[in-house]
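# Coordinate inspection notes
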Amino acid sequence: GESVGLHLPTLSVQEGDNSIINCAYSNSASDYFIWYKQESGKGPQFIIDIRSNMDKRQGQRVTVLLNKTVKHLSLQIAATQPGDSAVYFCAENRRTGFQKLVFGTGTRLLVSP
Amino acid sequence: EAGVAQSPRYKIIEKRQSVAFWCNPISGHATLYWYQQILGQGPKLLIQFQNNGVVDDSQLPKDRFSAERLKGVDSTLKIQPAKLEDSAVYLCASSSFRGEAYEQYFGPGTRLTVT
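Bear in mind the structure is a predicted one, so any value in this text is a computation, not a measurement.

## With respect to the overall build of chain B
Helix and strand counts for chain B come out as zero helices and eleven strands. For chain B, whose C-alpha radius of gyration is 13 Å, the value lies close to the compact-globule estimate of 13 Å for 115 residues. Considering only C-alpha atoms, chain B reaches an extent of 40 × 25 × 25 Å along its principal axes. With 115 residues in all, chain B has 47% of them scored as buried. Relative to all contacts within chain B whose residues are 6 or more apart in sequence, the contacts with residues 24 or more apart total 54%. Of the roughly 5700 Å² of accessible surface on chain B, a fraction of 49% belongs to carbon and sulfur atoms. Taken together, the 13 basic and 11 acidic charged side chains of chain B have centroids lying 6 Å from each other.

Here you go:
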């Protein structure tokens, strides 16, 4: 079936470390991939996205890597801070006449001071 | 710019009761989405509106869930009768008419507990 999933449900890091959150997807027709951050009691917040014709995109302290060969997406957070503690979701944008976001199950990032 | 507003923030009901959620999207956003997010999972799209028309409701359990978006602005999502498995956070999101689906802005959600 078609799905977007994550390898690690929980990732614990020390403040200042770099964090890597991974995601696998199965739909080759998706044209965009997006990372969202969700803090407790809040809705998902957009972090960064990447087109399917790119393999890397950088933002402020975050980098997204896309490997279409193995259908793998990753989010790298540099110098992780306690404020980065949240659940991170990858999502793929599918176009089937209309556009639709399909979310993965999430990875919880815990940052220790 | 004000964000997506939702109410109530929390709701506890007994099974077989009915419940309604309200969403006010960002001003000017033509597309509105309702998602169901079960604890520990990613959001799952229930229904998508373009103005006041339904674009996709393929994952909406239509025997108990209904949604409307009168006048193409506010929207309500209703569950009648509720089941235990409906316990979840219900998220509303909106995007502009010329925006892409990924340019969605989410509200804080309504946490529903069915006992």
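## Thoughts on the layout of surface pockets
Approximately 560 Å³ is the volume found for the largest pocket. Around the largest pocket, the lining comprises 29 residues; the ones closest to its centre are A:Q38, A:R108, B:Q37, B:L39 and B:R111. Secondary-structure elements contributing two or more residues to the lining of the largest pocket are β9 (86-95) of chain A together with β9 (88-95) and β11 (110-114) of chain B. In terms of residues, the lining of the largest pocket owes the most to one element, β11(B), which gives four residues. For the lining of the largest pocket, the residue count by class is twelve nonpolar, twelve polar and five charged.

## Topic: the interface of chain B and chain A
The interface of chain B with chain A comprises 21 residues on the first partner and 20 residues on the second. When chain B packs against chain A, close to 1600 Å² is buried across both sides, 54% of that on carbon and sulfur atoms. Counting across the chain B and chain A interface gives zero salt bridges. Along the contact surface separating chain B from chain A lie three residue pairs in polar contact (both at pLDDT 80 or more). Secondary structure elements with two or more residues in the side of chain B that touches chain A: β4 (31-37), β5 (44-50) and β6 (53-56) of chain B.

## Considerations on the pairing of strand β4 (residues 32-38) of chain A
Residues and elements named next belong to chain A. Taking burial as the measure, the seven residues of β4 include seven buried ones, the bulk of the element. Side chains Y32, I34, Y36 and Q38 of β4 all project onto a buried face; the interleaved residues F33, W35 and K37 project onto the opposite face, where all are buried too. Between β4 and strand β5 (residues 45-51), which follow one another and run antiparallel, lie six residues, and G41 among them has a positive phi close to 80°. Strand direction decides the pairing type here: β4 and β9, joined by seven bridges, are antiparallel. Each bridged residue has a counterpart across the sheet, and for Q38 the counterpart in β9 is V87.

## Structural notes on the sheet that holds strand β7 (residues 65-68) of chain B
Residues and elements named next belong to chain B. Taking strand neighbours across the sheet as the criterion, the four strands line up as β1-β3-β8-β7 in an open arrangement whose pairing is antiparallel. On the outer flanks of this sheet lie β1 (5-7) and β7, each paired with one strand and no other. Recorded for the sheet is a direction-independent mean angle of 15° between the axes of neighbouring strands. Pairing between strand β3 (residues 19-24) and strand β8 (residues 75-79): five bridges, direction antiparallel. By the bridge assignment, C23 is partnered in β8 with S75.

Calculation rules
- Residues numbered from 1 in each chain as written.
- Chains lettered and ligands numbered in written order.
- Predicted model: local features only at pLDDT ≥ 70, side-chain atom pairs only at ≥ 80, totals over all residues.
- Heavy atoms only, no water.
- Helix = DSSP H or I, 4+ residues; strand = E, 2+ residues; numbered from the N terminus.
- Rg over C-alpha atoms; globule rule 2.2 N^0.38 Å.
- Buried < 20%, exposed > 50% of the residue type's maximum accessible area, 1.4 Å probe, protein only.
- Contact = heavy atoms within 4.5 Å.
- Areas by Shrake-Rupley, 256 points an atom, 1.4 Å probe, with all protein chains shown as cover.
- Lys, Arg positive; Asp, Glu negative; His and termini not counted.
- Charge placed at Lys NZ, Arg CZ, Asp CG, Glu CD.
- 1 Å grid on protein atoms, 1.4 Å probe; cavity = no way out; pocket = protein on both sides within 12 Å on 5 of 7 lines; lining within 4 Å.
- Points joined across faces, edges and corners; volume = space filled by probe spheres on them.
- Nonpolar A, V, L, I, M, F, W, Y, C, P; charged D, E, K, R; others polar.
- Buried area = accessible area lost by both parts, 1.4 Å probe.
- Salt bridge = Lys/Arg side-chain N within 4 Å of Asp/Glu carboxyl O.
- Polar contact = N/O pair within 3.5 Å; in protein donor to acceptor, adjacent residues only side chain to side chain.
- Pairing = 2+ DSSP bridges.
- Axes fitted to C-alpha atoms, helices over the stretch in contact; angles between N-to-C directions.

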